[in-house]
Amino acid sequence: MLGYAGTVLYVDLTTGKTHTEKLTDETAKKYVGGIGLGLKLWLSNSKAGVNPLSPENPLVLALGPVSGTMFPTGGNGHAFISKSPATGGVGEAVSHGTFGAELKRAGYDAIVLTGKAEKPVYLWIDDEAVQLLDASNIWGKSPFETEDAIKEELGDFYVRVASIGLAGEKQSKIACIINEKTRAAGRTGLGAVMGSKNLKAIAVRGTRDITVAKPDVFTDMVREFHERMKGPAVQKYRTLGTVDNIEVTNELMCMPTRNYSASHFEKTENINAEVLNERYVAKIIACNSCAMRCEHEALVREGPYKGSLARMEYDNLWALGPNCGVDKLDAIIRAAELCNYYGLDATSTGVTISFLMDCHEKGLLSHDQLEGIDPHFGNSEAVVQLVEKIGKREGIGQMLADGVKVAAEKIGKNASELAQHIKGLEVTGYDLRCLKTAALAAAVSFRGADHNRSGAFTLDLKGKVDRLKAEKGRGKLVKENEDIFALIDSFIVCKNSRNTFYNELGDLAKLYSAVTGAEVSAQDLSVAGERINTLAKLINIREGLTRNDDTLPWKVMNQPVSDDGPTKGAVVTQEELDLMLDDYYNARGWTVEGVPSKAKLQELGLQEFQKIVEA
Amino acid sequence: MVKIHQRKFISADPEKCVGCQICEYACSYSKEKAYNPIKSRIRLVRVNQLANMAVTCRLCEEPACVAACPRNALSQSEDTGNIILDKEKCNGCGWCIEACDYGAMMLHPETKVVYVCDLCKDKPDGPQCVKWCPEEALTVVTSDTLAQKARISAIKKLFQEKEEKQ
């Protein structure tokens, strides 16, 4: 079947042995690719209760059926899947760039990495030639430096590299995997999994042809989507970028500020998209095959952080900025650059720093612990210093490098009330108290606190529902959006392009058929989306997560919004959460405990995993 | 021989180029019915995040590639200035690749002979990379039109600065 390379590469880092297995058309169609295929491969190659940072935990890298083609945003994505050291459940993160396209041309749909190398190594994939090479000379280097060093060593400028930084090497639970210098598979701490395997980087060169089943239909679709990408559907991304959301969420009084101490930041005029673009954005660049190009490269041109360069988006700007009470863009850009330098998830890093600031202001920390840093809200210098400490896992960074859940346990007292996380993954920039569909979505998200598992927050923000109300019906909305997002991450296309799919599942079905030649309907894809989400849920169940883990951070449930305005007093009560959880589980056909029924597994073709729900 | 002033080639504007590589896909698909950058006659170079530019044949006057070929496999078209390859004569030795300052000559992975941009001379709608470039960063130009563009933008900038100062 076209669209798939038809091959899965297995690499045992302990023995250094590799082999390939055929990816059957049946498996490909059933799990689509990307996170769907990755979850399936992870589940089939791991044992229940596996320690995320042990050699036995596989790290899966998976591509989608459109990877390597010319489809805008579709050609370029890749997904990492494993058991998350942060949540103990599903770990999954998607990144874009060029790496995924290169790997597809090398002839693989997925790579399953197991074991642990004796010494630091990097994986060099040159089409069918696969080798583990010595990485001792690049161990300790940033992803940026690693990429350049590997290209130099292999003597090939067009080699694509995904690597970890110091944070991943030191197995920080907020470490990410970075490709092409500024792109991150950011969330759920998968950089630590890679580090635990002594695997510094994956370098790829692929030279094979990629073809599609129906070239004429496909080419017309590409042309059509190029046109759509010039239109209003993605205008925000093309012009001001996702940072535009700063004023949107702030105006709606739902931007978490100072670690959820407020829902509104009084100084957004210093950090909003207009200022960022006017003073700092030096260039907007594109991922491979993308016609909407949205990567805003921000450069600091003067002052103490002169020369700092980072890709700025809503989430890293929010996390390192307003969330820490900081309104200095140069410092925020520097902090974001350092997150890339050390290979840290910028969102989790920012939330961890704001947590520390909160603890400090509430007097939970001793003077000795702070090592001369003054972490009060608004101190931009402290944010920069703390990213360094976390990246190096040094001094106070030792306490913070595993995210807020672990840090709160170390601090004790009532620090856990200030730790803004779900299932161990730090929150993102949408105040869940006053975005109740988003709150449900975050509570049930299989990878922990995140808005990118369903995008349900847009329903709240756009006023499609009453965002302050918890009511029946939200379960179905979240389910439907989750199923679409699971497909987006399995195909893989970019979430920023989702509005160009005017006919959502219909467009995706047409694309799938054009690329693979296999006829699928929108309904088939809808079922595949449900299958993928259910599979992820099965993994979480197997790894011991229950309904109790589908919950919200303490502040979201116990500390109402205090700012004057439309959201004043908003909070999510346990009754509201229970009502929405029941509604969601019901919409999914799961029990009140959130366990899929055998009949549901049968319906989705997941019988082989029935034992998990019987246990 | 067509005069150098009238010779048309494909030029990329580094200000506009975003590094998407769509030109590479358009070229390889048009020429080889496959998506594969190593079969593209135009190649994108991203030196760092801020420096992106696609490069292809410049149709030089007295082209070094032609001069370098020990087998007379390369010649320059009298009509257009295009570089023409005689596939029978080329043995893939690569001297032309070494000689070209722009990296525009490449060795084909399968045919083992060199290949170079021919400005899609067989396509009625012209070079496919130019047609597909979503940023309009690629244009078919002569050196004169490039000089004109540079002149106009320099003067515009000068007056803009003047206005800003006033």
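Residues numbered from 1 in each chain as written. Chains lettered and ligands numbered in written order. Predicted model: local features only at pLDDT ≥ 70, side-chain atom pairs only at ≥ 80, totals over all residues.

S.K.: Just checking my understanding: could you explain the overall build of chain B for this structure?
M.R.: Helices and strands together make up the secondary structure of chain B, namely five helices and eight strands. Taken from N to C terminus, the helices and strands of chain B fall in the order β-α-β-β-α-β-β-α-β-β-α-β-α. Intrachain contacts of chain B at a sequence separation of at least 6 include 56% that bridge at least 24 residues. (Helix = DSSP H or I, 4+ residues; strand = E, 2+ residues; numbered from the N terminus. Contact = placed C-beta atoms within 7 Å.)

S.K.: Hey, could you run me through the overall build of chain A in this one?
M.R.: Each helix and strand counted, chain A has 25 helices and 17 strands in total. Scaling as 2.2 N^0.38, a compact globule of 615 residues should have a C-alpha radius of gyration of about 25 Å, and chain A matches this with 22 Å. Overall, chain A is about 60 × 55 × 50 Å in size when its C-alpha atoms are taken along their principal axes. The buried share of chain A, reckoned over its 615 residues, is 62%. By sequence separation, contacts in chain A at least 24 residues apart represent 71% of the contacts at least 6 residues apart. (Rg over C-alpha atoms; globule rule 2.2 N^0.38 Å. Buried ≥ 20, exposed ≤ 12 C-beta atoms within 10 Å, placed from the backbone.)

S.K.: How should I be thinking about the domain arrangement of chain B in this particular structure?
M.R.: Note: interface size is frequently given as the accessible area lost on complex formation between the parts. Residue and element names in this part refer to chain B. For chain B, the domain assignment lists domain 1 (1-56 + 117-166) and domain 2 (59-100 + 107-116). The C-alpha centroid of domain 2 is placed 22 Å from the C-alpha centroid of domain 1. If you look at the interface, domain 1 gives eleven residues, while domain 2 gives ten residues. Looking at side-chain class alone, the side of domain 1 that touches domain 2 contains seven nonpolar, no polar and four charged residues. (Domains from an automatic or database assignment. Nonpolar A, V, L, I, M, F, W, Y, C, P; charged D, E, K, R; others polar.)

S.K.: Is there a simple way to explain the pairing of strand E9 (residues 160-163) of chain A in this structure?
M.R.: Walk down a regular strand and you will see the side chains alternate between the two sheet faces. Residues and elements named next belong to chain A. On E9, burial covers both faces: Arg-160 and Ala-162 on one face and Val-161 and Ser-163 on the other are all buried. Examined bridge by bridge, E9 and strand E12 (residues 199-205) share four bridges and lie antiparallel to one another. Paired with Arg-160 across the bridge in E12 is Val-204. (Pairing = 2+ DSSP bridges.)

S.K.: How do you make sense of the domain arrangement of chain A when you look at a structure like this?
M.R.: Residue and element names in this part refer to chain A. When cut into domains, chain A gives domain 1 (7-205), domain 2 (220-419) and domain 3 (432-614). Measuring from the centre of the C-alpha atoms in domain 1 to the corresponding centre in domain 2 gives 25 Å. Residue-level contacts link 32 residues of domain 1 with 29 residues of domain 2. For the side of domain 1 that touches domain 2, the secondary-structure elements that each account for two or more residues are helix H4 (143-154) and helix H5 (166-169).

S.K.: How do you make sense of the sheet that holds E12 of chain A when you look at a structure like this?
M.R.: Two modes of strand pairing occur in sheets, parallel and antiparallel, and in both the strands are linked by backbone hydrogen bonds. All names here are of chain A. Pairing is mixed across the open sheet formed by six strands, whose spatial order is E8-E7-E12-E9-E10-E11. On the outer flanks of this sheet lie strand E8 (129-134) and strand E11 (183-185), each paired with one strand and no other. For this sheet, the mean angle separating the axes of adjacent strands, direction not counted, is 20 degrees. Each of strand E7 (121-126), E9, strand E10 (177-179) and E12 touches helix H3 (residues 99-106); the most contacted strand, E12, lies at about 65 degrees to it. (Axes fitted to C-alpha atoms, helices over the stretch in contact; angles between N-to-C directions.)

S.K.: Would you take a moment to explain the interface of chain B and chain A for this structure?
M.R.: At the junction of the two partners, chain B supplies 16 residues and chain A supplies 23 residues. Here the side of chain B that touches chain A gets three residues from one element, more than from any other, and that element is helix H1 (residues 22-32) of chain B. Tallied by class, residues from the side of chain B that touches chain A come to eleven nonpolar, five polar and no charged.

S.K.: Looking at this model, I keep getting lost on the sheet that holds strand E13 (residues 281-285) of chain A. Mind explaining?
M.R.: Residue and element names in this part refer to chain A. Read from one edge of the open sheet, three strands run E13-E14-E15, paired in antiparallel fashion. The open sheet has two free edges, formed respectively by E13 and strand E15 (309-311), since each of these has just one partner strand. Here the strands of the sheet are splayed against their neighbours by 20 degrees on average, with no regard to which way each runs. Sheet strands in contact with helix H12 (residues 329-342) are strand E14 (295-299) and E15, and its direction is about 80 degrees off that of E15.

S.K.: Honestly, unusual backbone geometry in this entry has me stumped. Any pointers?
M.R.: Only a minority of non-glycine residues have a phi that is not negative, and only a minority of peptide bonds are not trans. Of note, the bond from Phe-491 of chain A into Ile-492 of chain A is cis; its omega dihedral lies within 30 degrees of zero at -15 degrees. Looking at where Ile-492 of chain A falls in the secondary structure, it is placed in the loop between helix H19 (474-491) and helix H20 (504-516). Phi at Gln-21 of chain B is positive, roughly 70 degrees, even though this residue is not glycine. Mapped onto the elements, Gln-21 of chain B comes out in the loop between strand E1 (9-12) and H1. The class for Gln-21 of chain B is buried, based on 26 C-beta atoms found within 10 Å.

S.K.: Even after reading the chapter, I still don't get H20 of chain A, so can you show me in this structure?
M.R.: Every α-helix carries 3.6 residues per turn, so stepping three or four residues along brings you back to the same face. All names here are of chain A. Counted at 1.5 Å a residue, the expected span for H20 with its 13 residues is 18 Å, and the 18 Å between its end C-alpha atoms agrees. Those residues of H20 lying buried are Leu-505, Leu-508, Ala-509, Leu-511, Tyr-512, Ala-514, Val-515 and Thr-516. If you follow the buried residues of H20, they end up packed against helix H7 (215-228), H19 and helix H21 (522-542). Backbone geometry just downstream of H20 places Gly-517 in the positive-phi region, at approximately 85 degrees. (Expected span 1.5 Å × (residues − 1).)

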